[in-house]
Amino acid sequence: GVFMISILFLCHGNICRSPMAEFVMKEYVRQAGLDHEVLVESAALHRDEIGSDIHWGTEEILDRYHIPHTPRQAHLAIKADYKKFDYLIGMDRYNMRDMLRLFNNDPAQKCSLMMDWVGASRDVADPWYTGDFDTTYADIDAGCIALLEHIKQTLHK
C-alpha cells in the first residue's frame with residue numbers, strides 16, 4: 001500500500017533507542033488504526049552494530065510493556081532516506097549532527113529530535129552507556145505519543 005506518512009527513527013547503532021522507538025510507534029499507530037497509512041522504520045548513523053538484532057535491554061522492556069517486536073538487523077541510514085521519509089527523528093544532539101551531515105543540512109526541515117515532540121530540549125539518554133532502559137523507554141514513549149497526536153491532526157482523523 002502507499003503510506004501517507006513515513007517516519008524514520010535514528011540513533012548511533014540502531015540496536016537500543018531507534019528500534020525501541022520504531023516498535024513503540026508501530027504499536028501506537030496500530031492501536032490508532034493507522035498502520036496502513038503510517039510507515040515506521042529505524043536506522044543507524046554509525047556502523048558499530050550493523051547486522052545486530054535489538055539489544056537485550058530493549059527487548060526486555062518491549063516485552064514488559066507488551067509491545068510486539070520482530071527480529072531485525074541494524075542497518076545504516078543512507079542519503080536516499082531523506083526523500084523516502086517525511087520525519088527523520090534522532091535521539092540526541094550527536095545523532096542530529098550526523099543527520100545534518102548525511103542529509104545535506106536538512107533543506108526541507110524534516111529532521112527533529114525525539115524530545116522536541118514533547119517540548120523538551122534534551123537528549124534521550126543512550127542506555128548502551130547508562131544501562132537504564134526504563135528512563136529511555138519513558139522518554140521514547142512520551143515522544144511517540146506526542147508524535148502520534150501530531151500525525152492524527154495531519155491526517156485529520
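Here the structure is shown first, and the text comes after it.
Bear in mind the structure is a predicted one, so any value in this text is a computation, not a measurement.

Caption draft 1: Focus on the overall build of the protein chain. The number of helices and strands found in the protein chain is six helices and four strands. Of the regular secondary structure in the protein chain, the N- to C-terminal order runs β-α-β-α-α-β-α-β-α-α. Taken along the three principal axes of its C-alpha coordinates, the protein chain extends 40 × 35 × 30 Å. With 157 residues in all, the protein chain has 52% of them scored as buried. Relative to all contacts within the protein chain whose residues are 6 or more apart in sequence, the contacts with residues 24 or more apart total 77%. Surface summary for the protein chain: the accessible area is close to 8000 Å², and the carbon and sulfur share equals 53%. Once the 16 positive and 24 negative side-chain charges of the protein chain are each reduced to a mean point, those two points are 6 Å apart.

Caption draft 2: Quick peek at the packing of aromatic side chains. Inspection of every chain in the model, using the stated rule, returns four aromatic pairs. Ring centres of tryptophan 56 and phenylalanine 133 lie 6.3 Å apart, and the angle between their planes is 40°; on these two criteria the pair is classed as tilted. With tryptophan 56 in helix α2 (residues 56-64) and phenylalanine 133 in helix α6 (residues 133-154), this pair connects stretches of sequence that are 77 residues apart. Of the residues examined, phenylalanine 133 reaches a relative accessible area of 8% and is grouped as buried.

Caption draft 3: Structural context of α2. Regarding α2, the residues found buried are Gly57, Thr58, Ile61 and Leu62. Buried residues of α2, viewed axially, fall in a sector of 135°; they line one side. The inward-facing, buried residues of α2 abut α1 (17-31) and α6. Two residues or fewer past α2, histidine 66 is found with a positive phi of approximately 55°.

Quick notes on the rules
Residues numbered from 1 in each chain as written. Predicted model: local features only at pLDDT ≥ 70, side-chain atom pairs only at ≥ 80, totals over all residues. Heavy atoms only, no water. Helix = DSSP H or I, 4+ residues; strand = E, 2+ residues; numbered from the N terminus. Buried < 20%, exposed > 50% of the residue type's maximum accessible area, 1.4 Å probe, protein only. Contact = heavy atoms within 4.5 Å. Areas by Shrake-Rupley, 256 points an atom, 1.4 Å probe, with all protein chains shown as cover. Lys, Arg positive; Asp, Glu negative; His and termini not counted. Charge placed at Lys NZ, Arg CZ, Asp CG, Glu CD. Phe/Tyr/Trp six-rings, centres within 6.5 Å; stacked < 30°, edge-to-face > 60°. Arc of directions from axis to C-beta.

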